Amino acid sequence: MFQCKTVWNKMAPLARASSTLCRQSGKREVLRHVRRPVLAHQALMSSGATGGGMENTLYVLLVGATCLGGGVFVYRTLSRDKARYDDRLSDISSRWSEQREQGPAQAEPQQGAAASDPPPASAMSPVEPALPEVPEHAPYLLIGGGTASFAAARSIRARDPGARVLIVTDEADLPYMRPPLSKELWFSDDPSVTETLRFKQWNGKERSIYFQPPSFYVSPRELQTVENGGVAVLMDRKVTHMDVRGSKVKLSDGTEISYDKCLIATGGVPRNLQVIERAGEEVKKRTTLFRKIEDFRALEKVSRELKSITIIGGGFLGSELACALGRRSADLGLEVVQMFPEKGNMGKVLPEYLSNWTTEKVKKEGVTVLTDAVVKNVSYKDGKVQIRMKDGRVVKTDHVVAAVGLEPNVELARSAGLEVDSDFGGYRVNAELQARANIWVAGDAACFYDIKLGRRRVEHHDHAVVSGRLAGENMTGADKPYWHQSMFWSDLGPDVGYEAIGIVDSNLPTVGVFTKATAKDTPRAVTELSGTGIRSESETEAVAGAVAGAVAGAAGAPAPPPQQKEDYGKGVIFYLRDKVVVGIVLWNVFNRMPIARKIIKDGEEHADLNEVAKLFNIHDD
Amino acid sequence: MSYCKQEGKDRIIFVTKEDHEAPSNAELVEDDPNDPYEDHGLILPSGEINWNCPCLGGMASGPCGQQFKEAFSCFHYSTEEVKGSECIEHFRGMQECMQKYPELYPQEDENESGPSGGDDTAPAEPSNTDAASVPDSSVDEVTVAGTENAATS
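Cut-offs applied
- Residues numbered from 1 in each chain as written.
- Chains lettered and ligands numbered in written order.
- Predicted model: local features only at pLDDT ≥ 70, side-chain atom pairs only at ≥ 80, totals over all residues.
- Heavy atoms only, no water.
- Core = buried A, V, L, I, M, F, W, Y, C linked by side-chain atoms within 4.5 Å.
- Buried < 20%, exposed > 50% of the residue type's maximum accessible area, 1.4 Å probe, protein only.
- Contact = heavy atoms within 4.5 Å.
- Axes fitted to C-alpha atoms, helices over the stretch in contact; angles between N-to-C directions.
- Helix = DSSP H or I, 4+ residues; strand = E, 2+ residues; numbered from the N terminus.
- Left-handed = near helix turned anticlockwise from the far one by under 90°.
- Nonpolar A, V, L, I, M, F, W, Y, C, P; charged D, E, K, R; others polar.
- pLDDT = per-residue confidence, 0-100.
- Expected span 1.5 Å × (residues − 1).
- Pairing = 2+ DSSP bridges.
- Disulfide = S-S within 2.5 Å.

1. Looking at the nonpolar core
All names here are of chain A.
Next, step 1: Core analysis: the largest hydrophobic core is formed by 155 residues, its most contacted members being Leu-141, Ile-209, Met-242, Ile-257, Ile-584 and Trp-587.
Next, step 2: In this structure Ile-584 touches Glu-499, Ala-500, Ile-501, Val-504, Val-572, Ile-573, Phe-574, Tyr-575, Ala-596, Ile-599, Ile-600 and Phe-616, once residues within four positions along its chain are discounted.
Next, step 3: Formed by 15 residues, the second largest nonpolar core is a distinct cluster that contains Val-275, Val-337, Ala-373 and Val-400.

2. A look at the packing of helix H8 (residues 293-305) of chain A against helix H9 (residues 316-332) of chain A
All names here are of chain A.
Next, step 1: Contact pair H8 / H9: the axes reach a minimum separation of 10 Å and the direction vectors enclose 30°. The handedness of the crossing between H8 and H9 comes out as right-handed. Residues Leu-299, Glu-300, Ser-303 and Arg-304 of H8 lie in contact with H9, whose contacting residues are Leu-321, Leu-325, Arg-328 and Leu-332.
Next, step 2: Residues that form the contact of H8 with H9 fall into these classes: 4 nonpolar, 1 polar and 3 charged.

3. Examining the confidence of the model for chain B
As a note on interpretation, predicted positions should not be read in detail where pLDDT is low.
Residues and elements named next belong to chain B.
Next, step 1: Mean pLDDT over chain B stands at 71; residues scoring 70 or higher make up 69%.
Next, step 2: Ranking the elements of chain B by mean pLDDT puts helix H3 (residues 128-132) last with 34 and strand S2 (residues 10-14) first with 93.
Next, step 3: Scored below 50 in pLDDT, residues 109-153 makes 121 contacts in the model with residues more than four places away or belonging to other chains.
Next, step 4: Across the interfaces of the predicted complex, the ipTM metric reaches 0.73, alongside a pTM of 0.75.

4. Digging into helix H4 (residues 147-159) of chain A
Next, step 1: The end-to-end C-alpha separation of H4(A) is 19 Å, in line with the 18 Å expected for 13 residues at 1.5 Å each.
Next, step 2: With respect to burial, H4(A) is a largely interior element, 12 of its 13 residues being buried.
Next, step 3: On its buried face, H4(A) is in contact with strand S1 (137-143), strand S2 (164-168), strand S5 (230-234), strand S8 (256-264) and helix H12 (461-475) of chain A together with helix H1 (65-77) of chain B.

5. A few points about the sheet that holds strand S12 (residues 335-339) of chain A
Residues and elements named next belong to chain A.
Next, step 1: An order of S10-S17-S11-S12-S13 is seen for the 5 strands of this open sheet, with the pairing classed as parallel. In this open sheet, the two edge strands, each paired with only one partner strand, are strand S10 (287-289) and strand S13 (367-370). Across the sheet, the mean angle from the axis of one strand to that of its neighbour is 20°, orientation sign disregarded.
Next, step 2: As judged from the 5 bridges shared by strand S11 (residues 308-312) and S12, these two strands associate in the parallel manner. When the sheet's bridge partners are listed, Ile-312 is paired in S12 with Met-339.
Next, step 3: Together, S12 and S13 form the strand contacts of helix H10 (residues 352-364), whose direction differs from that of S13 by roughly 145°.

6. Some words on the state of the cysteines
Next, step 1: Applying the stated criterion across every chain yields a total of 3 disulfides over all chains.
Next, step 2: The disulfide partner of Cys74(B) is Cys87(B), and the S-S distance across this bridge is 1.9 Å. Taking the torsion about the S-S bond as the criterion, the Cys74(B) to Cys87(B) disulfide, at about -85°, is left-handed. Taken together, the residues Cys74(B) in helix H1 and Cys87(B) in the loop between H1 and helix H2 (88-99) connect sequence positions 13 residues apart.
Next, step 3: On the basis of relative accessibility, which here comes to 0%, the residue Cys87(B) falls in the buried class.
Next, step 4: If the cysteines joined by disulfides in chain B are listed in sequence order, their pairing comes out as 1-2, 3-6, 4-5.
Next, step 5: Of the cysteine sulfurs around Cys447(A), a residue in no disulfide, the closest is that of Cys262(A), at 19 Å.
Next, step 6: Assessed through its relative accessible area of 0%, Cys447(A) is described here as buried.

The structure is reproduced here in C-alpha cells:
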C-alpha cells in the first residue's frame with residue numbers, strides 16, 4: 001500500500017499531464033461535433049467518419065507513449081522501493097539480534113530506531129555478571145502502573161504465595177491514586193504539597209496518594225530471585241509490542257520480557273478538543289490535559305502565576321477542578337471560568353433539577369459557569385487565549401484546561417491481536433475480564449460484560465480497584481465474573497457530596513426521594529466517622545472495626561447545617577431502565593452503599609420506589 | 001406529608017421523617033450464602049481465611065506477607081485454651097520482618113495512620129452479612145486486622 005502511494009505521488013504530475021491531454025482531445029472532439037450542424041448537410045457524414053482522422057492517430061500515439069513511459073517508470077520505482085525496504089528490514093533485524101546476543105541490560109544504549117523516551121540513567125551494565133535490570137521473564141506481567149494494576153498485584157500476591165509480579169509503566173512514578181489530584185491535594189495548606197503529594201482529609205488525617213511507599217516494592221533486578229517473591233515496578237518503560245503467540249512483550253528500547261499471565265491496565269489518555277489541536281503552538285502550550293501527577297504540578301504552578309484559567313468540560317473532572325480552583329480564586333486573585341455544552345454541571349449524570357442545583361453550588365465556589373457553551377474556535381491574540389463560542393460569546397483567558405473525556409489506550413490491540421469495542425472503546429473482554437487466554441484487561445481500558453447491566457466501560461476509581469482485584473483473582477485461577485458492583489463518588493466541597501452506583505445516565509427516567517439534611521449529612525462528617533476520604537473505602541474501614549477514635553465528637557465544633565434553597569437536602573435518586581433500577585445516586589446520604597448495591601443486584605421491578613427508598617433509612621444516623 | 005412533582009421524565013418525591021416511619025414493603029431477593037460469585041468476608045464458607053479480604057489491607061501481600069499468613073493461620077486454627085498461644089514463634093517472625101520495613105509497618109500507636117504513605121485502597125468492601133457472621137474469635141482477629149490495617153501493609 002505504501003508503495004502504491006509513493007508510486008502514485010510520483011506518477012501524479014505525469015497522470016495530470018496525461019489527463020489534461022485526454023481532456024483536451026476530448027474537448028476537441030466535442031467541439032467538433034458541436035460545430036458540425038453548422039456545416040452543410042452533405043459534409044456531415046463524411047466529416048463524421050474521417051473528421052480528425054489524422055488528429056485521432058496522433059492522439060492515440062501520444063496517449064500510448066505516455067502510458068508506456070508511465071508503466072516503465074512505475075516498474076522502476078517499485079523495484080527501487082522494494083530494494084530500499086529489504087535493506088531497511090535486514091538492517092533492523094540485524095540490530096535486534098545484536099541486542100539479544102548482548103543481553104537485555106545493554107540493550108538500553110542502543111536507542112537507534114526506537115523513537116521513545118530513553119530509560120532513566122540507573123545502573124545499567126553491572127560490573128560482575130549480576131542480574132540484568134529488566135527481568136527476562138515475569139510470571140505475572142502487568143502492563144500499566146495505575147490503580148487497576150496495583151489492585152491486581154495485591155490480589156495476586158494475596159492468593160499466590162511467593163508470586164513474582166512485574167508492573168511496567170511509562171510513568172516515572174510508583175502506582176498512585178487519582179481522585180486526590182482533582183480534590184484533596186488542592187485543599188492542602190501545605191506549600192510543599194506538590195512535592196510530597198500528601199493530603200489532609202476532611203478529618204485531619206494525612207495520607208499519601210501513593211498506594212505504597214518505595215520500600216513495599218522489590219527492584220525489578222531482584223524479582224526473579226528474591227525469596228517469597230514480591231511486586232516490582234519498572235518505570236519509564238513503555239510496552240510497544242505484544243507477541244501473544246510467543247507470550248512476550250517488547251519495550252520501547254527493544255527489551256523483551258516473557259510472561260505466563262498478563263494484565264493490560266493501560267488506562268487512557270485525556271481527549272482534546274479538535275479546535276485546540278488545530279489552534280497552533282501558542283494555544284497548545286497554554287492548554288492542560290489533566291490526568292497525571294505532572295499535570296497537577298503544572299496546573300498548580302499556573303494557578304499561582306496566572307490570572308485566569310478556563311476549564312472546558314462539565315463532568316466530574318471539570319467540575320471538581322473548577323471547585324478546587326474556585327476555592328483558591330479569592331486568595332490568588334484568580335479568575336476561574338468553566339464552560340460546557342450541557343445545561344448544568346454533571347448534566348450527563350444528574351437529572352436536570354439536581355444538575356441545576358449543582359451548578360449553583362459551583363458558582364458559589366467562585367467559578368463563572370457558562371452553560372450551553374459550544375467552543376467554535378480558539379486562538380492566541382494579544383497575549384491571551386481567546387475562546388469563541390458558537391453563539392458568539394468570547395472568553396479571554398490565560399490558560400485552558402480541557403476536561404472533555406478520556407480516550408482508552410488500546411495501542412497494543414494491533415500487535416496482540418485483541419478486539420477493540422466499537423461502542424464504548426477499550427479492549428473487549430468477557431465477564432471474567434479475559435481478552436484471550438492468559439490475557440486480562442482491567443480498569444479504564446476494559447470494555448467488559450457486566451452480567452447485570454450489560455456490556456459497559458467504566459472510568460471510575462473504585463471500578464479500577466474492583467476490576468483490578470478481580471483480574472488478579474482470575475489470573476490466579478478464580479474464574480469469577482464481574483459481580484460486585486463498583487461505586488463512585490464526588491464532592492462539591494466539604495458540605496455537599498454524593499455517592500453513586502450502577503448506570504447513572506441522565507437520559508434515563510429517574511425517581512428522586514428527598515428530605516431535609518442535618519449537620520451530619522456532609523462529606524466532612526462522614527470522613528470523620530469512617531476515617532477515610534476515599535469513600536469507596538469507608539465501608540471496608542467500618543467492617544475492619546479499625547478506627548477507634550472515629551466516634552462522634554472527635555473533631556471539634558460541629559459544622560453548621562448546609563444551606564440549600566430547595567429541599568434537596570439529602571435523598572436517593574433511582575435511575576430506571578425498563579422499570580428496573582439500574583443506577584442509584586445517594587445524595588448527601590452516606591454509608592448506605594451496600595443497600596444500593598443489593599437493589600441493583602436484585603434487578604427487580606418495584607412498584608413504589610418510595611418504599612424502596614425507605615430501605616435506606618435516610619432519616620436515621 | 002410527602003408530595004410529588006414531575007419534571008419531564010424525572011419524578012421528585014419529598015418526604016418527612018414521619019412518612020418513612022412505617023417499615024418498607026419493598027421486597028428484596030433472598031441472598032444465597034453459597035453464591036460462588038459473591039465476595040466473602042475474612043472467612044470463606046469453607047472456613048479458610050480469605051487472604052484477599054480488603055479488611056486485611058495489604059497485610060497478606062506485602063513484603064512480610066508470608067510471615068503474616070503463617071502467624072495468622074496458626075492463630076485462626078488454634079484450638080488452645082488461650083487462642084494462639086502456640087503461635088508465638090510465628091508472631092515473632094512476623095514482628096522481626098515488620099521491623100525491617102518501618103515505613104510500611106509503623107511501630108508506634110496503631111490508631112494513627114502514621115507518617116508513611118502506606119494506606120492502601122482496600123478494594124471494595126466484603127459483604128456485610130459475611131463479615132458479621134465471623135466467629136467469636138473474630139473479636140481478636142478483627143482487632144488484629146484492624147490494627148494492621150491502620151498500620152498499613
